Amino acid sequence: MSGLEPVARPPLRRWSKRRTSLEGRDMQERLQVADVAQVYRLWNEYAAALNAGDMERWLALWAEDGLQMPPDAPRRAGKAEIRSGMASQFDHFDTGGVNIQPEEVRILGDQAFAHGTYEFKQMPKKGGESKRYSGSFLSMMAKQLDGSWQITIDCRNYDQRSG
């Protein structure tokens, strides 16, 4: 026997193909887990930026052509409109206790969606009664070349609003 006989090779080849296929799936699963973790980090940063009252930090999480659909307000298309629409919120209110709880994050290639719940408290900077808000959200995100994610669409509603 020379070691090059076909009888010895097919089991090795079949095992190699199967192993490569499993490794490929394994790699895809690892990448998807890493992407999901990045999306969770995005929502943590979103909450931290709002809690800090840092509009620029918060806007950095948005795609240039992002679409914001807030409750009780017209939709805002593009970062410039989002900035303009949110300026009075950042200027006149302190936001605290922001808690964002994604219930599901689904990665679809270089796009992702998340839905879940949120809550926060707003206090007028000049004093006055604070208000608590809670609601649900559905958002789309796009993966950037550096591996980070940015919000492309954010749609929210209120479950309740109380003083």
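We now turn to the structure provided with this report. Predicted, not measured: the structure shown is a model, and the values here were computed from it.

Rules used throughout
- Residues numbered from 1 in each chain as written.
- Predicted model: local features only at pLDDT ≥ 70, side-chain atom pairs only at ≥ 80, totals over all residues.
- Heavy atoms only, no water.
- Helix = DSSP H or I, 4+ residues; strand = E, 2+ residues; numbered from the N terminus.
- Buried < 20%, exposed > 50% of the residue type's maximum accessible area, 1.4 Å probe, protein only.
- Contact = heavy atoms within 4.5 Å.
- Areas by Shrake-Rupley, 256 points an atom, 1.4 Å probe, with all protein chains shown as cover.
- 1 Å grid on protein atoms, 1.4 Å probe; cavity = no way out; pocket = protein on both sides within 12 Å on 5 of 7 lines; lining within 4 Å.
- Points joined across faces, edges and corners; volume = space filled by probe spheres on them.
- Nonpolar A, V, L, I, M, F, W, Y, C, P; charged D, E, K, R; others polar.

1. Digging into the overall build of the protein chain
Then comes step 1: Along its length, the protein chain carries three helices and six strands.
Then comes step 2: The order of α-helices and β-strands along the protein chain, N terminus first, is α-α-β-β-α-β-β-β-β.
Then comes step 3: When burial is assessed residue by residue, the protein chain has 33% of its 163 residues classed as buried.
Then comes step 4: In the protein chain, of all internal contacts separated by at least 6 residues, the share reaching a separation of at least 24 is 54%.
Then comes step 5: Carbon together with sulfur atoms contributes 52% to the accessible area of the protein chain, which is approximately 10,300 Å² in total.

2. Structural notes on the layout of surface pockets
Remark: the empty space left among the atoms is shown by a probe the size of a water molecule rolled over them.
Then comes step 1: One number sums up the size of the largest pocket: a volume of about 620 Å³.
Then comes step 2: Around the largest pocket sit 36 residues that line it, and Met86, Gln89, Phe120, Gln122 and Arg156 are the ones nearest its centre.
Then comes step 3: Elements with a minimum of two residues in the lining of the largest pocket: helix H1 (9-52), helix H3 (79-92), strand E3 (93-108), strand E4 (111-124), strand E5 (131-143) and strand E6 (149-162).
Then comes step 4: For the lining of the largest pocket, a count of residues per class yields 19 nonpolar, eight polar and nine charged.

The analysis is restricted to geometry; functional conclusions fall outside its scope.
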